[in-house]
Amino acid sequence: MKARLFYANPYHDSDLAWTTRFFAADPYLAIRTKNKIIGVFNALEIQRARTESACNDVLLLNDVMEAAKKTYGDGNIVNQIRVLAKQYRIKEFILGSTFPVGVAKEMESAKLCYTVAPESVLPEREVKSREELAAIREGNKAAEAGFRAVTDILKASTVKGGKVFYKGKTLTSETLHEAIAVAGLGLNAISDHGIIAAGGIQACDCHCHGHGPIYANELIVVDIFPRKQKTGYYGDMTRTFLKGKANESQRALVAAVASAQKLALKNIKAGVTGISVHEKVAAFFESKGYATGVKQGAFTGFFHGLGHGLGLDVHEMPSLSLRGKKRLVAGNVLTVEPGLYYPGIGGCRIEDVVAVTKSGCEMLSRYPYTWEIR
């Protein structure tokens, strides 16, 4: 019998978290066979694991260590795996690409057979359940709360000498980061990968988190990807704002990105490839005169993928990009985030999350697209 083997901290290994539905601060051992999930937990976690985890068999670490020591002379992790392999009649393990290489090498020495999954050890994760869709919606509600905080701050701000002031102080990216983080915490969500609130030239570097003053009449890209602490699932949304008065180039840029997102949403459905949707958006931008290239060492135009999978990781498969060769299936969850970036005009990205259906897609996020705030 083959079985999938995990040894990691579930906060750092989403495959383990998905398998056991159990979060703990320390690494633990888990095995997924065809018929059951086995978890090995220390005394600090075992009571909680019995009531909260998805494991069919919840084993005490001390018992497994003692069995390993009695049989093999040492209670180390590899001998624990040997004990479990014998107990559950496992002939071969399947490891993920992030499985600890040191443990894998010791498994070889102990003549434990294993293979490494070529892509994902759990490809079934790409199709989300109803519960997962609900969890992702909750993650996006935390993102929406962040956008409300940003909108409220920009509405309450004033413009003097080209700078934006909030409560008598210069408004900065850091102020927006803090407000977004606090809004997320109010819904029991944390931004453990950071927050993007970048204006002006910083917004043209699409993953720049932003720092320093926010200036009037400049596009501000705000990208929020909070994780719900209870479920571990992420939301991921982006809106573009501007405090003051936009010029015609900025309005045209934002309109093009908004139209590109609508185009993408119309083309996403089961059976199409991610690359085909991405290429339609790229061609649309080119047709509107928004070329992609490199100017003075910086990428400009639409130089990133259209979107990515979302769940227990911010970036999962499948992909809406040049790498998206697989056909989409109902239940895939994807971000849809076209963007354009030109120094001198600014950066704009609009991002929402959808679930793929047989005939189209279902929105899992919602927030107004009003971006110019006087």
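The paragraphs below set out a description of the structure included in this document. (Residues numbered from 1 in each chain as written. Predicted model: local features only at pLDDT ≥ 70, side-chain atom pairs only at ≥ 80, totals over all residues. Heavy atoms only, no water.)

1. A closer look at the sheet that holds strand S14 (residues 237–243)
The mixed open sheet is built from four strands, whose spatial order is S11-S12-S14-S24. Each having just a single partner strand, strand S11 (196–199) and strand S24 (372–373) make up the two edges of the open sheet. Direction of pairing for S11 relative to strand S12 (residues 219–224): antiparallel, over a ladder of four bridges. Residue alanine 197 lies in a different strand from S12, and its bridge partner there is valine 222. Strand contacts of helix H7 (residues 173–185): S11 and S12, with the helix running at about 155° to S11, the strand carrying the most contacts. (Pairing = 2+ DSSP bridges. Helix = DSSP H or I, 4+ residues; strand = E, 2+ residues; numbered from the N terminus. Contact = heavy atoms within 4.5 Å. Axes fitted to C-alpha atoms, helices over the stretch in contact; angles between N-to-C directions.)

2. Notes on the sheet that holds strand S1 (residues 2–8)
If you walk across this open sheet you meet the six strands as S4-S3-S2-S1-S5-S6, and the pairing is mixed. Edge strands, defined here as strands with exactly one partner in the open sheet, are strand S4 (57–60) and strand S6 (114–116). Shown here is a sheet whose adjacent strand axes are inclined to one another by a mean of 25°, direction ignored. Pairing of strand S5 (residues 92–95) with S6 involves three bridges; the strand directions are parallel. Considered in S6, the bridge of isoleucine 94 is made with threonine 115. Where helix H3 (residues 61–72) meets the sheet, its contacts fall on strand S3 (37–41) and S4, and the angle it forms with S4 comes to roughly 70°.

3. Comments concerning the side chain of threonine 300
Tracing the chain through its elements places threonine 300 in strand S16 (residues 298–300). For threonine 300, a relative accessible area of 3% translates into the label buried. Contact partners of threonine 300, with chain neighbours within four places excluded, come to Ala291, Thr292, Gly293, Val294, Lys295, Tyr341, Tyr342 and Pro343. (Buried < 20%, exposed > 50% of the residue type's maximum accessible area, 1.4 Å probe, protein only.)

4. Examining the nonpolar core
With 34 residues, the main nonpolar core has Tyr28, Phe41, Ile136, Val333 and Leu364 as its most contacted residues. Broken down by secondary-structure element, the contributors of at least two residues to this core are S1, helix H1 (14–20), strand S2 (28–32), S3, helix H2 (46–52), helix H6 (130–156), S11 and strand S22 (352–356). Setting aside chain neighbours within four positions, we find leucine 364 in contact with Leu133, Ile136, Arg137, Asn140, Val333, Val353, Val354 and Ala355. One finds Val254, Val257, Ala264 and Val272 within the second-largest nonpolar core, a separate group that totals 29 residues. (Core = buried A, V, L, I, M, F, W, Y, C linked by side-chain atoms within 4.5 Å.)

5. A word on the pairing of S12
In terms of burial, S12 is largely enclosed, as six of its six residues are buried. Here S12 shows no split at all, with Leu219, Val221 and Asp223 on one side and Ile220, Val222 and Ile224 on the other all buried. Pairing between S12 and S14: six bridges, direction antiparallel. Opposite valine 222, over in S14, you have arginine 239 as the bridge partner.

6. Concerning the pairing of S4
With four bridges joining them, S3 and S4 adopt parallel strand pairing. Opposite phenylalanine 41, over in S4, you have leucine 60 as the bridge partner. Each parallel crossover has a hand, and for S3 linked through H2 to S4 it is right-handed. (Right-handed = clockwise from strand over helix to strand, strands pointing away.)

7. Points about the packing of aromatic side chains
Within this structure, the stated rule accounts for eleven aromatic pairs. Ring plane angle 35° and centroid distance 5.5 Å describe the contact between phenylalanine 147 and tyrosine 367, whose orientation is recorded as tilted. With phenylalanine 147 in helix H6 and tyrosine 367 in the loop between strand S23 (361–363) and S24, this pair connects stretches of sequence that are 220 residues apart. In this pair, the class of phenylalanine 147 matches that of tyrosine 367, namely buried. (Phe/Tyr/Trp six-rings, centres within 6.5 Å; stacked < 30°, edge-to-face > 60°.)

8. With respect to the packing of H6 against H7
Following both chains from N to C, one finds H6 and H7 inclined at 140°, their axes separated by 8 Å at the closest point. The angle between H6 and H7 falls in the class oblique. Two packed elements cross with a definite hand, and for H6 against H7 that hand is right-handed. Every residue of H7 that contacts H6 at Ala142, Ala145, Gly146, Ala149, Val150 and Ile153 is listed here: Leu176, Ala179, Ile180, Ala183 and Gly184. When grouped by side-chain class, the residues that make up the contact of H6 with H7 number nine nonpolar, two polar and no charged. (Parallel < 35°, antiparallel > 145°, perpendicular 65-115°, else oblique. Left-handed = near helix turned anticlockwise from the far one by under 90°. Nonpolar A, V, L, I, M, F, W, Y, C, P; charged D, E, K, R; others polar.)

9. Thoughts on the pattern of salt bridges
Per the stated rule, a full pass over the model turns up 19 salt bridges. Two residues, glutamate 316 and arginine 125, come together in a salt bridge whose shortest N-O distance is 2.5 Å. Here the residue glutamate 316 occupies a position in strand S18 (residues 316–320), and arginine 125 occupies one in the loop between S6 and H6, the gap between them amounting to 191 residues. Accessibility expressed as a relative area gives 11% for glutamate 316, which makes it buried. Overlapping salt bridges, with partners in common, bring together Asp15, Arg125, Lys128, Asp313 and Glu316 in one network. (Salt bridge = Lys/Arg side-chain N within 4 Å of Asp/Glu carboxyl O.)

10. Observations regarding the state of the cysteines
All chains considered together, the criterion is met by zero disulfides. As a non-bridged cysteine, cysteine 204 has cysteine 206 as the owner of its nearest cysteine sulfur, 9.9 Å distant. Here cysteine 348 is not disulfide-linked; the sulfur of cysteine 204 is the nearest cysteine sulfur, at 11 Å. (Disulfide = S-S within 2.5 Å.)

11. Remarks on unusual backbone geometry
The linkage connecting methionine 317 with the following residue, proline 318, adopts the cis geometry, with an omega of 5°. Relative to the helices and strands, proline 318 resides in strand S18. Positive phi values are uncommon outside glycine, yet arginine 89 reaches one of about 55°. Structurally, arginine 89 can be placed in the loop between helix H4 (77–87) and S5. One non-glycine residue, lysine 111, lies in positive phi territory at about 60°. Inspection of the secondary structure puts lysine 111 in the loop between helix H5 (101–109) and S6. Given the relative accessible area of 76%, lysine 111 is considered exposed.

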